[in-house]
Amino acid sequence: MEQHKKIVVIGAGICGLSAAIWLRRAGHQVTLLDKEGPGAGASFGNAGLLAQWAIVPVNTPDILRTGLKYLADPNSPLFMQWSHLPRLAPWLLAYVRHGRGAGAQRMTDGLLPLVSDSVEQHRALTRGTSAEPFIATSDLAYVYTDRAAFDRDAYGWAIKRAAGYIPELIEGDAVREFDPMLGPDMQCLAVLRDHGHITNPGAYMQVLARVFEEEGGTLRRATVEDITLAQGRIASVETDEGSFPCDACVMAAGIWSKPLLKKLGIKVPLEPERGYHLHFSKPSQMPRCPMMIAGKFAVNPMEHGLRCAGTVELGGITKGPSRAPFRLIRRHVGKLFPNLTYESAEEWMGFRPSTPDSLPLVGEIGSTGVHAAFGHQHVGLTGGPRTGRWVADLISGRHPNIDLAPYDANRFS
Ligand SMILES: Cc1cc2nc3c(=O)[nH]c(=O)nc-3n(C[C@H](O)[C@H](O)[C@H](O)COP(=O)(O)OP(=O)(O)OC[C@H]3O[C@@H](n4cnc5c(N)ncnc54)[C@H](O)[C@@H]3O)c2cc1C
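Because the structure is a prediction, the values reported are computed rather than measured.

Rules of the game
Residues numbered from 1 in each chain as written. Predicted model: local features only at pLDDT ≥ 70, side-chain atom pairs only at ≥ 80, totals over all residues. Helix = DSSP H or I, 4+ residues; strand = E, 2+ residues; numbered from the N terminus. Rg over C-alpha atoms; globule rule 2.2 N^0.38 Å. Buried ≥ 20, exposed ≤ 12 C-beta atoms within 10 Å, placed from the backbone. Contact = placed C-beta atoms within 7 Å. Expected span 1.5 Å × (residues − 1). Arc of directions from axis to C-beta. Core = buried A, V, L, I, M, F, W, Y, C linked by C-beta atoms within 7 Å. Near = placed C-beta within 6 Å. Nonpolar A, V, L, I, M, F, W, Y, C, P; charged D, E, K, R; others polar.

Draft legend 1. Representation of the overall build of the protein chain in the model. Each helix and strand counted, the protein chain has 13 helices and 19 strands in total. Scaling as 2.2 N^0.38, a compact globule of 413 residues should have a C-alpha radius of gyration of about 22 Å, and the protein chain matches this with 21 Å. Principal-axis analysis of the C-alpha atoms places the extent of the protein chain at approximately 65 × 45 × 40 Å. Looking at the protein chain as a whole, 50% of its 413 residues are labelled buried. By sequence separation, contacts in the protein chain at least 24 residues apart represent 76% of the contacts at least 6 residues apart.

Here is the structure:
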């Protein structure tokens with residue numbers, strides 16, 4: 001018989017919200033804490049893609065060569081704050097190492113169950129609730145300047161094809177028949193049919209939080225400062241709003257999970273991959289479906305405007321946004337959509353919580369009763385609901401029908 005427990009979930013991004021909702025549905029007494037309220041972190045400003053095909057991690061076997069080439073190219077989507085390099089180096093070396101040999105296959109094998117049924121997982125999370133309308137079914141078009149650029153992506157497409165993601169190629173003038181908004185420099189599309197996107201990630205988080213409360217959960221705005229263990233097991237979560245005693249807790253604080261776990265003496269190799277968005281309000285045109293602009297950023301026609309989000313800047317968590325990534329996105333948007341006009345463009349930067357093996361940490365840390373649900377790098381919106389369900393099952397004493405070893409929360413210890 002399942003025992004109902006008192007659970008504290010730390011962080012109301014997509015991972016924490018999903019875990020909190022599934023834990024509540026399993027009958028537990030759940031309190032969800034966030035220092036700024038729901039959807040304040042990466043879950044607010046992402047590109048909104050339910051990237052079911054995202055099974056090729058960024059750290060491909062040639063990441064070192066590509067990375068160096070990108071850093072020397074002002075038109076590439078990779079940026080570095082060089083003063084951060086000494087602190088970043090151990091993570092970076094591990095990141096490169098995991099991309100090589102058997103590591104590459106291991107990461108793809110781990111990503112597949114996390115992302116491949118994302119649309120269905122979001123639907124299961126929201127079915128019959130006011131959050132359901134935020135999930136849209138859509139095609140996804142990879143946009144290339146020409147066939148040669150598509151061919152240079154052969155490594156990634158071979159992996160996707162092997163998993164059943166077969167693109168439909170559209171070339172030449174047919175590109176503008178597919179979407180008249182695309183400029184003449186774009187001569188090749190690789191289209192994946194029937195995936196999905198979120199129409200407004202920030203509002204989706206707010207409504208998921210409301211659903212959680214309507215289903216009997218407690219949401220509190222509080223900054224978690226520490227975790228108290230008694231005889232090696234969690235006893236309470238300490239915040240600026242007081243102490244929250246509990247039987248178990250879920251650490252879903254995205255990039256901020258690292259300093260919080262440090263207080264337990266646990267070091268997790270988590271680095272922020274800083275990502276940027278420009279959100280164009282009242283655009284004169286909208287693309288017919290979300291798009292990936294050959295490795296640079298993603299485009300998503302959202303209910304409240306056109307979002308262009310992506311790029312990677314390695315530079316830690318303390319410094320504010322840089323200008324160069326915004327300039328890059330703006331430049332490329334001009335080429336992609338030459339006739340686009342808009343009223344205003346909102347700028348945003350956020351932190352993807354990334355591990356060296358591009359897989360999240362999911363499950364109990366030691367025997368502490370603290371359960372990890374963080375480290376989803378580029379695919380947290382996609383894999384958050386799946387993660388939340390796994391964590392809720394584990395805490396409820398039901399082992400999910402899948403091997404969770406790739407996400408083992410203790411694998412870096
Ligand atoms: C530019 C960009 C584009 C992206 N595009 C996509 C995409 O299209 N598809 C996709 O799947 N993924 C995408 N991602 C990645 C995705 O956004 C993240 O992986 C995901 O949002 C991480 O969710 P999370 O719940 O782990 O963390 P977060 O959303 O960062 O949430 C963590 C929460 O913890 C709270 N918190 C932190 N510290 C404390 C504390 N001490 N006490 C209490 N609360 C605390 C924060 O306030 C925050 O609300 C993108 C990311 C970026 C930056």
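Draft legend 2. Representation of helix α12 (residues 324-336). For α12, with 13 residues, the first-to-last C-alpha span of 18 Å sits near the 18 Å given by 1.5 Å per residue. Listed in full, the buried residues belonging to α12 are Pro-325, Leu-328, Ile-329, His-332, Val-333 and Leu-336. Down the axis, α12 shows its buried residues gathered within 130 degrees of arc, on one side only. Exposed residues lying more than 90 degrees from the buried face of α12 are Arg-327, Arg-331 and Gly-334.

Draft legend 3. Region of the structure containing unusual backbone geometry. Although it is not a glycine, Gln-231 sits at a positive phi angle of roughly 50 degrees. By the secondary structure assignment, Gln-231 is in the loop between β9 (224-230) and β10 (233-239). Take Gln-231: there are 5 C-beta atoms within 10 Å of it, and that puts it in the exposed class.

Draft legend 4. How the structure looks around the nonpolar core. Ile-10, Ala-19, Val-143, Cys-249 and Met-251 are the most contacted members of the largest nonpolar core, which has 113 residues in total. In terms of residues, this core owes the most to one element, helix α1 (residues 14-25), which gives eight residues. Filtering out sequence-adjacent residues up to four positions away, Ala-19 remains in contact with Val-9, Val-250, Ala-252, Ala-373, Gly-388, Val-391 and Ala-392.

Draft legend 5. Geometry of the site of the ligand. Close contacts around the ligand come from 45 residues, with Gly-13, Gly-41, Gly-254, Gly-275 and Gly-380 the closest. Counting only elements with at least two residues in the shell around the ligand, the list comes to α1, β2 (29-34), α2 (42-45), β13 (271-281), β16 (305-314), β17 (344-354) and α13 (380-395). Ranked by residue count, the leading element in the shell around the ligand is α13, at four residues. Among the residues making up the shell around the ligand, the classes are represented as 22 nonpolar, 19 polar and four charged.

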